[in-house]
Amino acid sequence: MIKKNDLILAGTVLIVALAAVLLITFTKKEGAEVVVTVDGEVYKTMPLDKDATLTLGDKQGNYNVVEVKGGEVTMTEANCRDQICVNHKAIHYNHESIVCLPHKVTVEIRGGEEGDIDIMAN
Ligand SMILES: [Zn+2]
């Protein structure tokens, strides 16, 4: 006859094991994402490891072209006045970002490999 305590113990072990598996699954580094925000709102999230081109445009005719290629992100085109975003180097490290101030567009890497320099330090 199986004792009630044994069942509880077996159940606890199972739950703990399951929890551990879930924890590993969820904390495992997934592929990095490219998060594009417009005016502070998330507009689109794209996987960094998949080549894609995203064109953002508004009614005023402002536009930005974000390109994901070979695991890096660049702002290939924009008609903003400063062109800082277009001239920005390609990004791929975690928390790196390209900002287009005139168009309030930001492109940020999330979950990528850490860079040598901690750019989040203030
Ligand atoms: Zn710009």
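From a predicted model like this one, the values you see are computed outputs, not experimental measurements.

(A) Summary view of the pairing of strand E5 (residues 72-78). Sheet analysis places strand E4 (residues 63-69) next to E5, joined by 6 bridges and oriented antiparallel. Directly across from Lys69, in E5, lies its bridge partner Glu72.

(B) Seen up close, the nonpolar core. Membership of the largest hydrophobic core comes to 20 residues, with the highest contact counts inside it found for Val34, Val36, Val66, Val73, Met75 and Val107. In this structure, Val66 is in contact with Met46, Ala52, Thr53, Leu54, Leu56, Val73, Thr74, Met75 and Val107, ignoring residues within four places of it in sequence.

(C) A look at the coordination of the zinc ion. Ligation of the zinc ion by protein atoms is provided by Cys80 (SG), Cys85 (SG) and Cys100 (SG), these donors lying 2.2 Å from the ion. Positions of the donor residues of the zinc ion, expressed as sequence spacing, correspond to C-x4-C-x14-C. Of this pair, Cys80 sits in the loop between E5 and helix H2 (84-87) while Cys100 sits in strand E6 (residues 97-100); the two residues are 20 residues apart in sequence, bridging distant segments of the chain. For the pair shown, Cys80 and Cys100 are each scored as buried.

(D) Local environment of the environment of His95. On the secondary structure map, His95 appears in the loop between H2 and E6. Overall, the relative accessible area of 30% leaves His95 in the partly exposed class.

(E) Molecular detail of the sheet that holds strand E3 (residues 52-57). If you trace the 3 strands from one edge of the open sheet to the other, you get E3-E4-E5, paired in antiparallel fashion. Each having just a single partner strand, E3 and E5 make up the two edges of the open sheet. Put simply, the sheet's adjacent strands are angled 20 degrees from each other on average, direction ignored.

Definitions and cut-offs
Residues numbered from 1 in each chain as written. Predicted model: local features only at pLDDT ≥ 70, side-chain atom pairs only at ≥ 80, totals over all residues. Heavy atoms only, no water. Pairing = 2+ DSSP bridges. Helix = DSSP H or I, 4+ residues; strand = E, 2+ residues; numbered from the N terminus. Core = buried A, V, L, I, M, F, W, Y, C linked by side-chain atoms within 4.5 Å. Buried < 20%, exposed > 50% of the residue type's maximum accessible area, 1.4 Å probe, protein only. Contact = heavy atoms within 4.5 Å. Donors = N, O, S within 2.8 Å, 3.2 Å for Na, K, Ca; no water. Axes fitted to C-alpha atoms, helices over the stretch in contact; angles between N-to-C directions.

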